[in-house]
Amino acid sequence: MENIDLVIIGGGSAGMAAAIQAKKEGVDNLLIIEKMNVLGGILNQCIHNGFGLTEFKEELTGPEYLQRFVDQIHQMDIHYKLNTAVTNISKDKVVTFSNQEDGSVTVQAKAIIMATGCYERSAGAIQLPGDRCSGIITAGTAQKYLNIHGYLCGKRIVILGSGDIGLIMARRLTLEGAKVICVSEIMPYSNGLNRNIAQCLNDYQIPLYLSRSVSRVIGKGRLEKVVLSAVDEKLNFIPGTEMEIPCDTLILSVGLIPYVSLLENIDTPMSSTKGAIVSEHMETAVDGIFTCGNCLHVHDVVDFVTDEGRLAGHGAALYLKHLLPSDKSIPVSLGEGISYVVPQNIKSDNREDITFKFRVKKPIKDVYIVVESDHQVISKIFKPALIPSEMAMVKLDSQKISQIKSEVVIRLEGR
Ligand SMILES: Cc1cc2nc3c(=O)[nH]c(=O)nc-3n(C[C@H](O)[C@H](O)[C@H](O)COP(=O)(O)OP(=O)(O)OC[C@H]3O[C@@H](n4cnc5c(N)ncnc54)[C@H](O)[C@@H]3O)c2cc1C
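Residues numbered from 1 in each chain as written. Predicted model: local features only at pLDDT ≥ 70, side-chain atom pairs only at ≥ 80, totals over all residues. Heavy atoms only, no water.

Visitor: Would you explain the overall build of the protein chain in this entry?
Guide: Regarding its fold elements, the protein chain presents eight helices and 27 strands. In summary, the protein chain has a C-alpha radius of gyration of 22 Å against a globular reference of 22 Å for 415 residues, a match within 12%. Along the first, second and third principal axes, the C-alpha set of the protein chain runs to 65 × 60 × 40 Å. By the burial criterion, 54% of the 415 residues in the protein chain qualify as buried. Long-range pairs, those at least 24 residues apart, make up 63% of the contacts in the protein chain with a sequence separation of at least 6. The positive charge centre, built from 42 side chains, and the negative charge centre, built from 47, are 4 Å apart in the protein chain. (Helix = DSSP H or I, 4+ residues; strand = E, 2+ residues; numbered from the N terminus. Rg over C-alpha atoms; globule rule 2.2 N^0.38 Å. Buried < 20%, exposed > 50% of the residue type's maximum accessible area, 1.4 Å probe, protein only. Contact = heavy atoms within 4.5 Å. Lys, Arg positive; Asp, Glu negative; His and termini not counted. Charge placed at Lys NZ, Arg CZ, Asp CG, Glu CD.)

Visitor: What's the story with the site of the ligand in this structure? I'm lost.
Guide: Neighbouring residues of the ligand: 32 residues in total, closest Ala14, Glu34, Ile42, His48 and Asn294. Here a nitrogen atom of the ligand and a backbone polar atom of Val86 are 3.0 Å apart. Summarising the interface, the protein chains cover 94% of the accessible area of the ligand, which totals 1000 Å² for the free molecule. Among the secondary structure elements, those contributing two or more residues to the shell around the ligand are helix H1 (13-24), strand S6 (85-89), helix H4 (164-175) and helix H7 (302-320). Per-domain counts for the shell around the ligand show at least three residues from each of domain 1 (1-120 + 255-324) and domain 2 (122-254). (Near = heavy atom within 4 Å. Polar contact = N/O pair within 3.5 Å; in protein donor to acceptor, adjacent residues only side chain to side chain. Areas by Shrake-Rupley, 256 points an atom, 1.4 Å probe, with all protein chains shown as cover. Domains from an automatic or database assignment.)

Visitor: Honestly, the layout of surface pockets in this entry has me stumped. Any pointers?
Guide: By rolling a water-sized probe across the atoms, one finds the places where empty space is left. Here the second largest pocket is characterised by a volume of approximately 320 Å³. Lining the second largest pocket are 14 residues, with Asp307, Leu311, Asp353, Thr355 and Lys395 sitting closest to its centre. Taken together, the elements giving at least two residues each to the lining of the second largest pocket come down to H7 and strand S23 (354-360). Across the lining of the second largest pocket, the residue classes tally to five nonpolar, two polar and seven charged. Two domains each provide a minimum of three residues to the lining of the second largest pocket, namely domain 1 (1-120 + 255-324) and domain 3 (327-415). (1 Å grid on protein atoms, 1.4 Å probe; cavity = no way out; pocket = protein on both sides within 12 Å on 5 of 7 lines; lining within 4 Å. Points joined across faces, edges and corners; volume = space filled by probe spheres on them. Nonpolar A, V, L, I, M, F, W, Y, C, P; charged D, E, K, R; others polar.)

Visitor: What's the story with the domain arrangement of the protein chain in this structure? I'm lost.
Guide: Many structure descriptions define interface size as the accessible area lost when the parts assemble. Taken domain by domain, the protein chain consists of domain 1 (1-120 + 255-324), domain 2 (122-254) and domain 3 (327-415). For domain 1 versus domain 3, the separation of C-alpha centres amounts to 25 Å. Contacts between the two partners involve 19 residues from domain 1, matched on the other side by 17 residues from domain 3. Buried surface at the junction of domain 1 and domain 3, summed over both partners, amounts to about 1400 Å²; 53% is from carbon and sulfur atoms. It is Glu280, His297 and Asp300 that lose the most area in domain 1 upon contact with domain 3, and together they represent 36% of the buried surface on that side. Where domain 1 packs against domain 3, one counts two salt bridges. With a closest N to O distance of 3.9 Å, Asp300 and Arg359 form a salt bridge. The interface formed by domain 1 and domain 3 holds eleven residue pairs in polar contact (both at pLDDT 80 or more) in total. Each residue belonging to the side of domain 1 that touches domain 3 can be placed in one class, and the counts come to eight nonpolar, eight polar and three charged. (Buried area = accessible area lost by both parts, 1.4 Å probe. Salt bridge = Lys/Arg side-chain N within 4 Å of Asp/Glu carboxyl O.)

Visitor: How do you make sense of the packing of aromatic side chains when you look at a structure like this?
Guide: Both the distance between ring centres and the angle between the ring planes are used here to describe each pair of aromatic rings. Throughout the structure, instances matching the rule amount to six aromatic pairs. Arranged with centres 5.2 Å apart and planes meeting at 40 degrees, the rings of Tyr65 and Phe69 form a pair that is tilted. In this pair, Tyr65 and Phe69 both sit in helix H2 (residues 62-75), four residues apart, roughly one turn of the helix. Accessibility assignment for this pair places Tyr65 and Phe69 in one class, buried. With a centroid separation of 5.5 Å and an interplanar angle of 65 degrees, the aromatic rings of Tyr368 and Phe382 are classed as edge-to-face. Taken together, the residues Tyr368 in strand S24 (residues 364-373) and Phe382 in strand S25 (residues 376-386) connect sequence positions 14 residues apart. By relative accessible area, Tyr368 is classed as partly exposed at 23%. Members of the aromatic cluster, each reached through a chain of ring pairs, are Phe56, Tyr65 and Phe69. (Phe/Tyr/Trp six-rings, centres within 6.5 Å; stacked < 30°, edge-to-face > 60°.)

As structure tokens, then:
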């Protein structure tokens, strides 16, 4: 069996950044395994601009952004395999992959980085009521059909869910000549970035209905209409509020789920993000297995995925040199108003800066983000507004980190 120091599973933004960082830190024997026929992951189909504002201080399309990393992969002579799917990993880091040329192959890795991205929630996952007809499609699939294969998925379209992909598809489909009738969102607030609401809906006079969802899908063969109903605070439909909308296509933009089946197969402890529980170096609770990007928690902005990939690459490089902090773990807990935080634990002998990434439970204005340990405030930062769709971050330098001796709590505090 071939020995490889570091196997990176998934060649999207997270996997490529992890590979480049690990190589920069001296890991030469590494391999990226990617199941598609190109590197770059989901960004290959994101032909709109808005990528790279943090990373490159310029606005790039998805393919332009990813190409900068593909170029580095080539310049640094980092090995990768395309059209190759990893089918299994074991706790002792045996990786099984298969492709048409090699068949099924097993390699022994010293460390693994999981960067397999995420998948979209489907009609079945949200128990969409009504007929089972054609014309119901997820936003990412509609994006792939249009931007990669050149197919328009419909002419009169309703979009369910105001996540960023749905908003971006509302604009894209309108530009291609389809009529986007409305976007309907079950929550009382949008789940997309404010800039996408303005640029993708308001600029094209596409209405956004909040606190409304699809109460019935009607169609024999192809979709004919959807019924939208208002919902109460418990998200139950309110009788008498039905709106019938004739349409041929319903696009679902109702959430992304980290793609973690390989980690689940080895009983990796998971968190509320539906990704693995990790330390500040993106190491899971399984020794030598790291994870990053949408496979760890769903990101709205790719620049932060790249950054997290670097962290995992750095962590894996330290691990391979036996330099990863190994002292006892201190848990990081959720306080008032916080729905999740990454990392979920930190090492007590860590000597590096740590960025905590988290989301709030609901939109909130004029708040402090407080980080405390042992009832002592370590950091307190004012934010004029926080919304669940935008990942929030607090960076603590190594001097502040050294003050942490027991459980860390991240919470919101009103002004
Ligand atoms: C549809 C969509 C639109 C977006 N639009 C924007 C935007 O406008 N602006 C912005 O900043 N961000 C946007 N984002 C967010 C950002 O682009 C993504 O969060 C980021 O690109 C995710 O990178 P990743 O490497 O974690 O995942 P991915 O890019 O999904 O990469 C994961 C890779 O792993 C591979 N893989 C999975 N399983 C296996 C396996 N078993 N074996 C081998 N390979 C495997 C997949 O084929 C894929 O290439 C968007 C995200 C999505 C999903």
